[in-house]
Amino acid sequence: MSENLIGYLDDQGNIIDTQSAGENCHAAPIAFDNSEKSLEIIRHSTAHLMAQAIKALYPDAQFFVGPVVDEGFYYDFRVNEKIGEEDLKTIEKKMKELIKKKYKIEKYEISKEEALKKFAHDDLKLAVLSRIPDETVSIYKQGEFEDLCRGPHVPALRFLHNFKLTRVAGAYLGGDEHAEMLTRIYGIAFADKESLKAYLKMMEEAKKRDHRKIGTEMELFMFNEESGAGLPFWMPKGAKLRYKLEQILHKAHLTRGYEPVRGPEILKADMWRTSGHYACYGENMYLTEIDGQEYGIKPMNCIGHIQIFKQTQKSYRDLPLRYYEYGVVHRHEKSGVLHGLLRVREFTQDDAHIFCAPEQIASEVLEVVEFVDAVMKLFGFDYTMEISTKPDKAIGDDAVWETATQGLKDALKGNDLPYTIDEGGGAFYGPKIDIKITDAIGRKWQCGTIQVDFNLPERFEVEYVAEDNSRKQPVMIHRAILGSFERFIGILTEHYAGEFPFFIAPIQVIFVPISENHAGYAQALKKKLLAEGIDSEVYDRNDSLNKRIRTAEKQRVPYVVIVGEEEVENHTVAIRNRRTREQYNLTQDEFMVELTKQLQEGKI
RNA sequence: GCCCAUAUGGCUCAGGGGUAGAGCACUUCCUUGGUAAGGAAGAGGUCGUGAGUUCAAGUCUCACUAUGGGCUCCA
């Protein structure tokens, strides 16, 4: 057996570890390196090593499951003591001690019946056993430590050196929030030290891009303990950025035949009863009472748009009718899930509802998908699409759901757009396509969404006059491109690390006059830019020139422009490149042309 | 909501049972400078809130509030 061999890969892509393979295995060998399969084995064994260390330090510890996940591994366990970040180092130290004992990792099999006897005193292992259908189970053993495990594992502990325990967390047994909470420790492992170092460095870099950090630094947005959790404040710079995004998107909507509308912020509870929100979404809604009547603050904008549609009689000639609104909504998110701008309790959706005939669904959905793609391309986002099907809590009958779901699939399939399926992940009123974007550290967030809805039109008796003068019910397509300005700007901030493209940058130009004699020239230029809708600032405070240039450079603005004697005289500007620290001169006219050209790049 | 952790001037953070510290930012003055920190002086905090332990609490304990890492990933 080669020194480097840690397992085999069979024809079906299953990993067979050396303990299971026997002497004459002909499957493809897996070498000890950073390949996907190799890491899977290494990380799984590291999870076991961690469990062994935990058992040594906390003899009363009981273990549940310890799988390999996208980003490393974890182990869930129960222990009487509290385990905090500090304890991770102690556990790591113990793991290193155990490695020195040079244990082999051995495997043996027993019947399920024997296993039930063996683990009779360990309710967590019994819980694991109850989920295994097989009649024979395997046990892996290293030194004194034994664990019920499917494998695969490395042959011996000597393969495990380059790991790091990254965080301690709580996790519900089996993911059920009504079940007991276990302690979970996450870790990461690689075949070599360099890869581990590179990974840790990458995570550190990612943290520097965190929108909460940059948002505070750049004074984009804030939260306030006295005002309440999950309620963002937009500071002047953040508001400017947001306003520019709103404007770009506003024009894009008009171009695509949408009409702006607005509904009220609160509506009578009966409206929400009719819509089904009261029953299906009530726990997320804020309710209040006015003059003895119950009202609900809107968590979605659909109801308002429906009322507007119904206000006047509609003909088939009016369809598809596209209403859009930057709708402020409130949702009672659980306190523990709030996360910077990415999950808040008040946010503004770029929401639209398309009322159309059933035969128009496919083309409308496709148009929305193209709209999404244009926006994502503008900002250089990679995104994934996911079709979500009927959830447990839902209204409407199965046949209707089936038709709508198929409609979404057809729209994507027909145009070769890749998607995944999230079974049971749909909204309570219909299936949907979700558009997901990844944040700085690889977490995926749902942004845009396209939802087909046969239910609300029926509940609110929405109708239009068809060609044959009969009354027909339109289909509603709920859709958002950004999802919400809050979340989208949060991700945008991480994506650009605060260096926003010109067309949305809160401050687009900073002028640094060399002396106060040149401040007037800078102010005049600022005014000129403002007339074109470009935001600039003049740094003419009582600081040294070097200081002011340094301060300007640190603002992450697209243009830092120096103006002095020479520029005033020649009606020019000196533009400084932040990265190369080089500068070039333009006439005022050339400068204006360049800036307006850059503004145009934000057109979609 | 649950588990673990954190909370010190506007920001970033140090300190730690005996009457609050730094850097940046801010204010005033000097300096008017051609490309990443000129100089001086000054103001600003009942150490998240409320209880408790103690002769004494930012420091220890508890509760609350807020923030952070998690809570599908099935031996």
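Before reading on, note that the structure itself is shown above.
Criteria and cut-off values
Residues numbered from 1 in each chain as written. Chains lettered and ligands numbered in written order. Predicted model: local features only at pLDDT ≥ 70, side-chain atom pairs only at ≥ 80, totals over all residues. Heavy atoms only, no water. Helix = DSSP H or I, 4+ residues; strand = E, 2+ residues; numbered from the N terminus. Contact = heavy atoms within 4.5 Å. Areas by Shrake-Rupley, 256 points an atom, 1.4 Å probe, with all protein chains shown as cover. Lys, Arg positive; Asp, Glu negative; His and termini not counted. Charge placed at Lys NZ, Arg CZ, Asp CG, Glu CD. 1 Å grid on protein atoms, 1.4 Å probe; cavity = no way out; pocket = protein on both sides within 12 Å on 5 of 7 lines; lining within 4 Å. Points joined across faces, edges and corners; volume = space filled by probe spheres on them. Nonpolar A, V, L, I, M, F, W, Y, C, P; charged D, E, K, R; others polar. Salt bridge = Lys/Arg side-chain N within 4 Å of Asp/Glu carboxyl O. Buried < 20%, exposed > 50% of the residue type's maximum accessible area, 1.4 Å probe, protein only. Polar contact = N/O pair within 3.5 Å; in protein donor to acceptor, adjacent residues only side chain to side chain. Pairing = 2+ DSSP bridges. Axes fitted to C-alpha atoms, helices over the stretch in contact; angles between N-to-C directions. Core = buried A, V, L, I, M, F, W, Y, C linked by side-chain atoms within 4.5 Å. Patch = residues over 30% accessible without salt bridge, like charges linked within 9 Å, V, L, I, M, F, W, Y side chains within 5 Å. Near = heavy atom within 4 Å. Phe/Tyr/Trp six-rings, centres within 6.5 Å; stacked < 30°, edge-to-face > 60°. Lys NZ or Arg CZ within 6 Å of the ring centre and 35° of its normal.

Q: Describe the overall build of chain A, listing the residues and the values that go with them.
A: Looking only at helices and strands, chain A features 19 helices and 31 strands. Dimensions of chain A, computed from C-alpha atoms along their principal axes, come out at roughly 85 × 75 × 55 Å. Look at the contacts in chain A between residues 6 or more apart in sequence, and 68% of them connect residues 24 or more apart. Accessible surface for chain A amounts to roughly 29,800 Å². Of this, 48% is attributable to carbon and sulfur atoms. Computing the positive centroid from 80 side-chain charges and the negative centroid from 97, chain A places the two 4 Å apart.

Q: Residues and numbers for the layout of surface pockets, please.
A: Quantified by volume, the largest pocket comes out at close to 1,300 Å³. For the largest pocket, the lining is made up of 47 residues, of which Tyr281, Arg331, Glu333, Lys432 and Gln446 are closest to its centre. Within the residue set of the lining of the largest pocket, elements represented by two or more residues are strand S19 (346–356), strand S20 (383–388), strand S22 (432–438), strand S23 (444–453), strand S26 (475–484) and helix H15 (485–496). Considering only residue class, the lining of the largest pocket consists of 15 nonpolar, 15 polar and 17 charged.

Q: Explain the pattern of salt bridges to me, and be specific about the residues and the numbers.
A: Scanning the entire structure with this criterion turns up 27 salt bridges. Notably, a salt bridge pairs glutamate 205 with lysine 208, separated by 3.1 Å at the nearest N-O pair. With glutamate 205 and lysine 208 both in helix H6 (residues 193–208) and three residues apart, the pair spans about one turn of that helix. Look at lysine 208 and you get partly exposed, because its relative accessible area is 48%. When the shortest N-O distance is used, the salt bridge between aspartate 398 and lysine 390 registers 2.5 Å. Using a relative accessible area of 51% as the deciding quantity, one classes aspartate 398 as exposed. For lysine 390, a relative accessible area of 31% corresponds to the partly exposed category. Residues joined in a network through salt bridges with shared partners are Arg78, Asp123 and Glu180.

Q: Account for the side chain of lysine 125, with residues named and values stated.
A: Tracing the sequence through the fold places lysine 125 in helix H5 (residues 123–130). A relative accessible area of 3% means that lysine 125 is categorised as buried. A polar contact is formed between the side chain of lysine 125 and the backbone oxygen of phenylalanine 64, at a distance of 3.0 Å. When residues no more than four places from it in sequence are discounted, the contact partners of lysine 125 are Phe63, Phe64, Tyr75, Phe119, Asp147 and Leu148.

Q: Now, about the sheet that holds S23: what can you tell me, with residues and values included?
A: Ordered in space as S14-S18-S19-S26-S23-S22-S20-S21, the eight strands form an open sheet in which the pairing is mixed. The two strands at the open ends of the sheet, each matched to only one other strand, are strand S14 (259–260) and strand S21 (420–422). Here strand S18 (residues 321–330) runs beside S19; their pairing, made up of ten bridges, is antiparallel. Looking at S19, one finds that glycine 327 is bridged to glutamine 349. Where helix H12 (residues 361–379) meets the sheet, it contacts S18, S19, S20, S22, S23 and S26, and its direction lies at approximately 5 degrees from that of S26. Sheet contacts for helix H13 (residues 398–413): S20, S21, S22 and S23; angle to S20, the most-contacted strand, approximately 155 degrees.

Q: Which residues make up the nonpolar core, and what values go with them?
A: Counting residues in each nonpolar core, the largest one holds 57 residues, and the members touching the most others are Val365, Phe379, Phe488, Phe500 and Ile504. Looking at this core, the element that brings in the most residues is H12, giving ten residues. Setting aside anything within four residues of it in sequence, one finds isoleucine 504 in contact with Leu241, Lys244, Leu245, Ile248, Phe379 and Leu492. The next biggest cluster of nonpolar side chains, apart from the first, holds 44 residues, and it includes Ile30, Leu39, Ile91 and Tyr140.

Q: Tell me what's going on with a positive patch on the surface, and back it up with residues and numbers.
A: Together, Lys89, Lys96, Lys164, Lys193 and Lys197 make up a region of like positive charge exposed at the surface. The set of elements that each furnish at least two residues to the positive patch consists of helix H3 (85–100) and H6. Among the secondary structure elements, lysine 197 is positioned in helix H6.

Q: So, the protein's contact with RNA strand B: which residues are in play, and what are the values?
A: Around RNA strand B sit 62 residues, and of these Cys149, Arg150, Tyr172, Ile514 and Gln583 come closest. In RNA strand B, atoms within 4 Å of the protein come 51% from sugar and phosphate. Histidine 339 places a polar side-chain atom, nitrogen or oxygen, 3.2 Å from a phosphate oxygen of RNA strand B. At the level of elements, strand S8 (136–142), strand S10 (162–172), strand S11 (181–190), helix H7 (211–217), strand S13 (228–234), helix H17 (545–553) and helix H18 (565–570) are the ones that each hand at least two residues to the surface near RNA strand B.

Q: Can you tell me about the packing of aromatic side chains, naming the residues and giving the values?
A: Tallied over the full model, the rule gives 19 aromatic pairs. Among the aromatic residues, those joined into a cluster by ring pairs are Phe63, Tyr75, Phe77 and Phe145. Lying over the aromatic face of phenylalanine 163, lysine 96 brings its terminal NZ or CZ to 5.1 Å of the ring centre. Positioned over the ring face of phenylalanine 371 is arginine 256, at 4.2 Å from the centre of the ring.

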